[in-house]
Amino acid sequence: MDVTEVLLPGVGLRYEFTSRRGERVGVVARRTGEFELVVYGAEDPDEGRSVLQLDSEEADAVAEILGAPRIAERFADLTKEVPGLVAGQVEVLPGSAYDGRPLGDTRARSRTGASVVAVVRGEEVIASPTPRDVLAGGDVLVVIGTHEGIAGVEQIIRG
Amino acid sequence: MRTPVALLLELGVILAALSVLGTLARRFTLSPIALYLLTGLAVGEGGIAPVPAAGEFVETGAAIGVILLLLVLGLEFSLAEFAVSMRRHVPSALVDAVLNAAPGAVAGWLLGMDGIGILALAGATYISSSGIVARLLSDLHRLGNRETPAVLSVLVMEDCAMAAYLPVLAVLASGGVWWQAILGVLAAVGAVLAAFTVSYRWGHHLGRLVAHPDDEQLLLRVLGLALVVAALAEFVHASAAVGAFLVGLTLTGETATRTRAVLSPLRDLFAAVFFLAIGLSVDPADLLPVLPAALALAAVTLVTKVLTGRYAASRDGVGRRGKWRAGTALIARGEFSLVIVGLVGTLHDTLGPLVTSYVFILAIAGPVLTRLAPSRPGPGADARDGGPPAS
């Protein structure tokens, strides 16, 4: 899918794409952090109908709702651009040493240099988890670091 | 400390009146600038309700208002956006300058003004109000429209033209023999170029100098710097406003974004005081004789701006209705036409009243015509516009 980016001088940016159903959709991203969602009718293709206006907090919430299942995928894309850096997934097995303990207890980053950038729990994704976030069995940790680092995190979590 | 009761009372009543008028204007998606001018006329000399005690404050406030208007204009300016606009809309900018400055210049000549008066009037008819236009596009939900980048590009190019025009005008208006004027103009252009260079090469360093995570600190630092530079500029017979503009130009990136946010409420307040002061400085009795000229000038430059907007939009491949929307969006003149008069106004008897009534007419006519421009007939017609079914 192609997204066109149009500069709105002094205001911000507009992103535009055509959905699979043929609807032309635009997102106006203001410099102030507000967003406006517009769709273009067939009658006048130049004119957008404003559908939704969001402040930055609301936009973040919507992005998280719509974009959450893709977060892990996007981290994986990111690592392609940085040589030596890879993303890996480490599962917390139910009943393992860290099932029910906070992420900080693993001291994963200080011990291996690799970072846990997200915790995937079923449908839910905790992006940028804090050390206080408690892990549970079945969680999948999205880890970014060197190959050795990720292997190290895997060892720690397996116990 | 003695509390100046009369000043507080008068100022409070004025601000409350501005608020009521502003609310009314917003309800009809009009610009409040025209109403602020009208209020100024009403409370000024020869008006219906003079306010002697608040006069001095309004005068000081107006000076700060101009400085803040131009400081924020400078902050708005980004070389990257300018470069993008340039790539596509240089012809639009030329059409804009020729079509809209020429009527002002001719009118100045017909009215028997001198060179500076002609130059000032040409500037006043040329420059659209980016404040009114941007607000209007946002209020009417047209930011997503295809003609909007063309409209905004024209505004950005106008702002850039102002960067060269205002310092030159300020120097010429401060007088002196011809070689002093030329030296002054060279110095002014040099200062603008220097500001651009600093902004381009060392903008982030300067940003670090004034940047502070605390909004209050940021506000105090930028405002302090702008006022000091403005005072220095005034001292060397450039204009204080131009000095503040240069400070705004040099700040870029994240610092500029945050500074805009913290300065905006302050700018809105003092800009309102500035519009009030322009109204105050004009005697309503002087308006009547210049009204025919202002109306004629408004009518001509209304048409030329519509042509400008239509041309700019057509370069982006916009359709018939979009071209009309772009044309009417640019009509409004406002703050910068008045800033121009503020720079040279005292030298000319007719210029102040003429431009005040001119801005008054177009600050009202612009938003009204933009609203009337062909747009989708309203939410009830959505079912007919051929969009996919909701299910």
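Described in the following lines is the structure provided in the data block. (Residues numbered from 1 in each chain as written. Chains lettered and ligands numbered in written order. Predicted model: local features only at pLDDT ≥ 70, side-chain atom pairs only at ≥ 80, totals over all residues. Heavy atoms only, no water.)

1. Structural notes on the sheet that holds strand β8 (residues 124-127) of chain A
Residue and element names in this part refer to chain A. Pairing in this open sheet of four strands is antiparallel, and the strands run β6-β9-β7-β8 from one edge to the other. Strand pairing shows two members of the sheet lacking a second neighbour, β6 (86-91) and β8, which therefore form its edges. Ignoring which end each strand starts from, the neighbouring axes of this sheet average 25° apart. Across the face of the sheet, helix α4 (residues 147-158) comes into contact with β6 and β9 (140-145) while running at roughly 10° to β6. (Pairing = 2+ DSSP bridges. Helix = DSSP H or I, 4+ residues; strand = E, 2+ residues; numbered from the N terminus. Axes fitted to C-alpha atoms, helices over the stretch in contact; angles between N-to-C directions. Contact = heavy atoms within 4.5 Å.)

2. Remarks on the interface of chain A and chain B
How big an interface is tends to be expressed through the accessible area that disappears when the partners come together. In this complex, chain A contributes 27 residues to the contact, which on the side of chain B involves 31 residues. Buried area between chain A and chain B, summed over both chains or domains, comes out near 2500 Å², and the portion from carbon and sulfur atoms is 46%. Of all residues in chain A, the largest losses of buried area upon contact with chain B belong to A:R31, A:D46 and A:E47, amounting jointly to 26% of the total for that side. The interface formed by chain A and chain B contains seven salt bridges. (Buried area = accessible area lost by both parts, 1.4 Å probe. Salt bridge = Lys/Arg side-chain N within 4 Å of Asp/Glu carboxyl O.)

3. Quick word on the pattern of salt bridges
Under the definition given, this model contains 20 salt bridges over all chains. The partner of A:D46 in a salt bridge is B:R146, and the shortest N-O contact between them spans 3.2 Å. Linking A:D46 in the loop between β4 (35-40) and β5 (48-54) with B:R146 in the loop between α6 (130-139) and α7 (148-173), this pair reaches from one chain into another. Residue class for B:R146 comes out partly exposed when judged on its relative accessible area of 30%. For B:E158, the salt bridge identified is with B:K305, shortest N-O distance 2.6 Å. Of this pair, B:E158 sits in helix α7 while B:K305 sits in helix α12 (residues 284-315); the two residues are 147 residues apart in sequence, bridging distant segments of the chain. Per residue, the accessibility class of B:E158 equals that of B:K305, and both read buried. A cluster of three or more residues bridged by salt bridges with shared partners is formed by A:D44, A:E47, B:E147, B:R321 and B:R325. (Buried < 20%, exposed > 50% of the residue type's maximum accessible area, 1.4 Å probe, protein only.)

Any link to function would need more than the numbers given here.
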